[in-house]
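Observations on the three-dimensional arrangement
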Amino acid sequence: WRAENRERLCMAREERRNRKNVLEVEMIKAKPYLELQIGFEREWSNLCRNIHGMPRILARLRFMMGSAADGGGIVIMTEDPATKKMLNVLSVPILYPEDEEFLTSQMSRLIGKQHPNLVSIVDFSVHAARVYNLHGFSGVDERVAIAVLQRYEGIFVLDYMKKEWLHMSNDRFRSLLKQIIDGFAALHEEDITHRNFHPKAVICRLPIM
């Protein structure tokens, strides 16, 4: 009985030691990603604090995760506590007034538009954001476009085709192309031309119908 009790105690100590070691290893692996997300969370807080006339929807959104966007902006994945839906907040700096006019004219037509092959735009607006220099004094305000988009879980079209190409039937491939073309057709109906079409502009929601 004493030998069995001693063995149980030793096994319990070994299990606790192994769990501690595994936890320390995983924490070391996750540290760079954690620091990156802390940086995105700071950018989200600064965005909500420094923009003038913040959209009301941003006040109730909860930060979940961030990533860098093409063109120098950021994409923040958020959760709406009221509806439990996941939304993407896209923040993009605007350099020229003509870009702001073009972007506003294009995006305003898609707000609230429901289409099975287009991402739903919940809100879009352009704001002045206060910028601070190294000494903490505010400088010239920059213009920032903020778009709130409904989030869809899926895979980029190029990654999907690389993964499923050998197993993809002709009917499924035609169905995928038809859905992409239907999305373009819906944009053209609103007199919108997608100027920056690339593989990361198309997300496949699985399973492909």
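None of these values were measured; they are calculated from a predicted model.

Thoughts on the packing of aromatic side chains
A full pass over the atoms with the stated rule returns one aromatic pair. Aromatic side chains Trp-165 and Phe-173 sit 5.6 Å apart centroid to centroid with 90° between the ring planes, which places their arrangement in the edge-to-face category. Residue Trp-165 is classed as partly exposed on the basis of its relative accessible area, which comes to 49%.

Some details on the pattern of salt bridges
Tallied over the full model, the rule gives seven salt bridges. Salt-bridge contacts for Glu-15 lead to Arg-19; the nearest nitrogen and oxygen are separated by 2.7 Å. Here the residue Glu-15 and the residue Arg-19 both occupy positions in helix H1 (residues 2-50), the gap between them amounting to four residues, near one helical turn. Arg-19 gets classed as exposed once you look at its relative accessible area, which sits at 57%. Put simply, Glu-100 and Arg-143 hold a salt bridge, and the shortest N to O gap is 2.9 Å. In this pair, Glu-100 is assigned in helix H3 (residues 97-107) and Arg-143 in strand E5 (residues 142-150), connecting sequence segments 43 residues apart. With relative accessibility at 18%, the residue Glu-100 sits in the buried group.

A word on the environment of Val-157
Summarising the element assignment, Val-157 is placed in helix H4 (residues 157-164). Looking at Val-157, the relative accessible area reads 9%, which means it is buried. When the C-alpha positions of Val-157 and Lys-200 are compared, they lie 7.2 Å apart, and in sequence the two are 43 residues distant. Filtering out sequence-adjacent residues up to four positions away, Val-157 remains in contact with Leu-176, Ile-180, Pro-199, Val-202 and Cys-204.

Concerning the nonpolar core
Trp-44, Leu-58, Leu-61, Ile-76, Val-89 and Ile-146 are the most contacted members of the largest nonpolar core, which has 16 residues in total. If you list the elements that add at least two residues to this core, you get H1, helix H2 (56-60), strand E2 (74-80), strand E3 (85-94) and E5. Within the second largest apolar cluster, 13 residues are counted, among which are Leu-110, Ile-121, Val-126 and Ala-186.

Considering helix H5 (residues 170-189)
Its 20 residues give H5 an end-to-end C-alpha distance of 28 Å, which sits within 8% of 28 Å, the value for a rise of 1.5 Å per residue. Within H5, burial applies to Leu-176, Ile-180, Gly-183, Ala-186 and Leu-187. The arc that holds every buried residue of H5, seen down its axis, measures 120°, which confines them to one face. Opposite the buried face of H5, by more than 90 degrees, sit the exposed residues Asn-170, Asp-171, Arg-174, Lys-178, Ile-181 and Glu-189. Buried-residue contacts for H5 involve H4 and strand E7 (203-204). After H5 finishes, the residue Asp-191 shows a positive phi value of roughly 60°.

What counts and how
- Residues numbered from 1 in each chain as written.
- Predicted model: local features only at pLDDT ≥ 70, side-chain atom pairs only at ≥ 80, totals over all residues.
- Heavy atoms only, no water.
- Phe/Tyr/Trp six-rings, centres within 6.5 Å; stacked < 30°, edge-to-face > 60°.
- Buried < 20%, exposed > 50% of the residue type's maximum accessible area, 1.4 Å probe, protein only.
- Salt bridge = Lys/Arg side-chain N within 4 Å of Asp/Glu carboxyl O.
- Helix = DSSP H or I, 4+ residues; strand = E, 2+ residues; numbered from the N terminus.
- Contact = heavy atoms within 4.5 Å.
- Core = buried A, V, L, I, M, F, W, Y, C linked by side-chain atoms within 4.5 Å.
- Expected span 1.5 Å × (residues − 1).
- Arc of directions from axis to C-beta.

Geometric descriptors of this kind do not, in isolation, establish any biological role.
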